[in-house]
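Survey of secondary and tertiary structure
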Amino acid sequence: MMEISRDGIHSSVRVGYDGKVYKTFLGTDAEKRFASEVQVLLELEFRGCDFVPRLLEKDDTSLNIVTTNCGASAKNLTETQVASIFTALKDDYGVSHKEPVLDNLTFDEPRGRFCVINLSDAEILGNPVPAKRTKTLSWAGTTETGRRKGANEDSITVFSFLNGWANPEPMLGTREFQSHNLVFIVSDGMGGHSGGAVASALVISQMQQLLPASIANGDSPASPSELLEKCIQKTHRYVLQTSEGNPDVDDMGATLVCGLFTRGELHFGNVGDSRLYRFRDGRLKQLTDDHSFVGKLQQEGKINEREARINPRRNILIQAIGAQCPTITPQIGTSDIYPGDWFLICSDGIIDGLWDKHIEQEFLLAGLTNGTPKTVADNLLSKSYREAGNDDTTLFVIKAE
């Protein structure tokens, strides 16, 4: 049984209870329109367009396709706004829609953007536009134990997955990520003695188990961001349950910053004060917010970076994974990815030694000298450790090739 979405003389469209869209082509030239829509959707996926449905299945006999759900019908757009969306489809991805009207737009609420549908009459232009999205990531990950620490309480991992199974990746690597999903995680443990190390290790192991199983190679009707948040919440509850009744680790907790690279986008989740940065076009931008006392003051515009660094309460977290926090509200976000983008995922050990302007300078230098992720990671680690180094220092540097 399915909920009817829309029926017309050319097609029957239904949204299943699984959240996917089922479309059957009807009437005159049904076979031609079926073949055209399949071709256009596949070409747009190859070119990296993320505001059209993604083709999941097709049946040449029944003329039926199954696609992702791009939300409800769009409303209250001006003619100029409507035209700009179809112009972006043509100029950026080389596909001209023959009916650029409001009826062929939807609003995808989880992603907060408008999408183009009904592409059976669209035309793939004669001169293909190169894929706007990058398809390959190169990275380097590293960690160093703080001078005042007996053992490293940070944990770090990178893994790919396909069909629900996690595959560990090396700390220095390159991989195509259109067919495989890539995940980078840094977790900074806390809780004294062995508690911090245990908590951060649990965060890593749970996310490695939960994310691949939940996303199942991207075929779930839920968005990657929604699934990422659910996995973080489950990980939090698991760490809490593990700490209960165990006096050695009853207050253990950890930060979590996770970058999920999938379908040409970055979906990220954050709890605590580890960070994710993006460097693009010569500018560094912090994508995550610090869940800390001073982080909240910064977000409210009450203090600047200098004041935050010297505030005596700078290490007080508002929320963390475990740490006897009854509930958490992870920050969940999405970023597009373009060739030449750099990303930094790090624990606060890096921030102790380096200001944002110093991090930005390292990426600027890499652009001038064709620096590699390993070169940038090594430079950031050594300079931060030299300036501070009391805390564990852990980071990934990632480049979109």
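So, here is what we can say about the structure in this document.

The rules behind the values
- Residues numbered from 1 in each chain as written.
- Predicted model: local features only at pLDDT ≥ 70, side-chain atom pairs only at ≥ 80, totals over all residues.
- Heavy atoms only, no water.
- Helix = DSSP H or I, 4+ residues; strand = E, 2+ residues; numbered from the N terminus.
- Expected span 1.5 Å × (residues − 1).
- Buried < 20%, exposed > 50% of the residue type's maximum accessible area, 1.4 Å probe, protein only.
- Contact = heavy atoms within 4.5 Å.
- Axes fitted to C-alpha atoms, helices over the stretch in contact; angles between N-to-C directions.
- Parallel < 35°, antiparallel > 145°, perpendicular 65-115°, else oblique.
- Left-handed = near helix turned anticlockwise from the far one by under 90°.
- Nonpolar A, V, L, I, M, F, W, Y, C, P; charged D, E, K, R; others polar.
- Pairing = 2+ DSSP bridges.
- Salt bridge = Lys/Arg side-chain N within 4 Å of Asp/Glu carboxyl O.

On to helix α2 (residues 79-93). Between its first and last C-alpha, α2 extends 21 Å over 15 residues, near the 21 Å set by a 1.5 Å rise per residue. Here α2 has its buried residues at Val82, Ile85, Phe86, Leu89 and Tyr93. For α2, the elements touching its buried residues are α1 (30-46), β7 (95-96), β8 (105-108) and β9 (113-116). Looking one or two places after α2, you find Gly94, whose phi comes out positive at around 70°.

Before going further, it helps to spend a moment on the packing of helix α8 (residues 356-369) against helix α9 (residues 373-387). Direction vectors running N to C along α8 and α9 enclose 150°, while the axes themselves pass 10 Å from each other. By the angle between their axes, α8 is roughly antiparallel relative to α9. The handedness of the crossing between α8 and α9 comes out as right-handed. On α9, the residues touching Ile359, Glu362, Phe363 and Ala366 of α8 are Val376, Asn379, Leu380 and Lys383.

Let us now look at the packing of helix α3 (residues 195-215) against helix α4 (residues 224-243). At their nearest, the axes of α3 and α4 sit 9 Å apart, and the two run at 140° to each other. Considering how the two elements wind past one another, α3 and α4 form a crossing that is right-handed. Here α3 contributes Leu202, Val203, Gln206, Met207, Leu210, Leu211, Ser214 and Ile215 to the contact with α4, which in turn contributes Leu227, Leu228, Cys231, Ile232, Lys234, Thr235, Tyr238, Val239 and Thr242. Counted by class, the contact of α3 with α4 contains 12 nonpolar, four polar and one charged residues.

As a further point, take unusual backbone geometry. If you check the backbone angles, Asp29 has positive phi at about 60° while not being a glycine. For Asp29, the position within the fold is in the loop between β3 (21-25) and α1.

So, on to the sheet that holds β9. The sheet built from three strands is open, its strands ordered β6-β8-β9 with antiparallel pairing. Each edge of the open sheet is held by one strand with a lone partner, namely β6 (72-73) and β9. Two strands pair when backbone bridges link them, and β8 and β9 are joined in this way by four bridges, in the antiparallel orientation. When the sheet's bridge partners are listed, Phe107 is paired in β9 with Phe114. In the packing of α2 onto the sheet, contacts are made with β8 and β9, and the angle to β9 comes to roughly 65°.

Applying the stated criterion to the full structure yields 15 salt bridges. For Glu37, the salt bridge is made with Lys23, and the minimal N-O distance between the two is 3.2 Å. Of the two residues, Glu37 sits in helix α1 while Lys23 sits in strand β3, which places them 14 residues apart along the sequence. On the accessibility criterion, Glu37 (4% relative accessible area) is buried. Take Lys23: its relative accessible area is 7%, and that puts it in the buried class.

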